[in-house]
Amino acid sequence: MAEPTPAALRANLRKVLLMSGAWMFLLVMPVMVPFLQARGLGMAAVFQLQTIYALLQVVLEVPSGYVADVLGRKRCLLLASALYGLAFSWLPFTEGFWGLALFEVVAAVAASLRSGTDVAILYDSLEALGEGEGGRVLGLKLFWGQSGETAAALIATALVAFGGGVERPAQVM
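What comes next is a walk through the structure. (Residues numbered from 1 in each chain as written. Predicted model: local features only at pLDDT ≥ 70, side-chain atom pairs only at ≥ 80, totals over all residues. Heavy atoms only, no water.)

### Quick look at the packing of aromatic side chains
So, point 1. All chains considered together, the criterion is met by 5 aromatic pairs.
So, point 2. When the ring of Y84 is compared with that of F88, the centres are 5.0 Å apart and the planes differ by 70°; the resulting orientation is edge-to-face. With Y84 and F88 both in helix α4 (residues 73-90), this residue pair falls 4 residues apart, about one helical turn. For the pair Y84 and F88, a shared accessibility class is recorded, and that class is buried. (Phe/Tyr/Trp six-rings, centres within 6.5 Å; stacked < 30°, edge-to-face > 60°. Helix = DSSP H or I, 4+ residues; strand = E, 2+ residues; numbered from the N terminus. Buried < 20%, exposed > 50% of the residue type's maximum accessible area, 1.4 Å probe, protein only.)

Shown next as structure tokens:
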């Protein structure tokens, strides 16, 4: 396999930053609790779903690093993105606790596959370019993620206010 060119390595940086913004652009997140309550769940069930997500993320964190090493970082990020898209495409059609639990499982698997893989690509690309430790690029990654989340929150607010309640952001996704 040929060594990547400096242009390809710089493209890696841009792609990871763009992915950070897109990954966090989740219209339903600002209204997730009311959305789940509209699906008939009480707060205890909401916390149980969040526990499922958090526990899976913790358990899958180390194996996901191995998967990234075996599959390759690019394939791992593509798989993570496909699973995340599948999870959030499934969300508007979920019914009851177990349907939502399935959503949480798929989203947690996707998030664990992404976690660290994107940062590894950043560090590998910076190292190959001979450009230091990456603190600036990690800051930009955080900025783009927060920007995506902020934009989603503003749009979700408008959708709820003018577009038909807490179900609307999930339907638009």
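That was the structure; now back to the text.
### Observations regarding the nonpolar core
So, point 1. Of all hydrophobic cores here, the largest spans 39 residues; its most connected members are V28, F88 and L91.
So, point 2. Those elements that place two or more of their residues in this core are α1 (6-24), α2 (32-38), α3 (43-71), α4, α5 (96-114) and α6 (117-129).
So, point 3. Looking at this core element by element, the count peaks at 9 residues for α5. (Core = buried A, V, L, I, M, F, W, Y, C linked by side-chain atoms within 4.5 Å.)

### Here's the deal with α3
So, point 1. The sharpest bend along α3 comes to roughly 45°, located at E61, with the proline P63 sitting one to four residues further on.
So, point 2. Among all positions of α3, only A45, V46, L49, Y53, Q57, S64 and A68 are buried.
So, point 3. On its buried face, α3 sits against α2, α4, α5 and α6.
So, point 4. Just beyond α3, the residue with positive phi is G72, at close to 100°. (Bend = angle between axes of the 7 residues up to and from the residue. Contact = heavy atoms within 4.5 Å.)

### Considerations on the packing of α4 against α6
So, point 1. Taken N-terminus to C-terminus, the directions of α4 and α6 make an angle of 145°; their axes are 9 Å apart at the nearest point. Remark: the crossing between α4 and α6 carries left-handed chirality. Every residue of α6 that contacts α4 at R73, K74, C76 and L77 is listed here: T117, D118, A120, I121 and D124.
So, point 2. The class makeup of the residues in the contact of α4 with α6 is 4 nonpolar, 1 polar and 4 charged. (Axes fitted to C-alpha atoms, helices over the stretch in contact; angles between N-to-C directions. Left-handed = near helix turned anticlockwise from the far one by under 90°. Nonpolar A, V, L, I, M, F, W, Y, C, P; charged D, E, K, R; others polar.)

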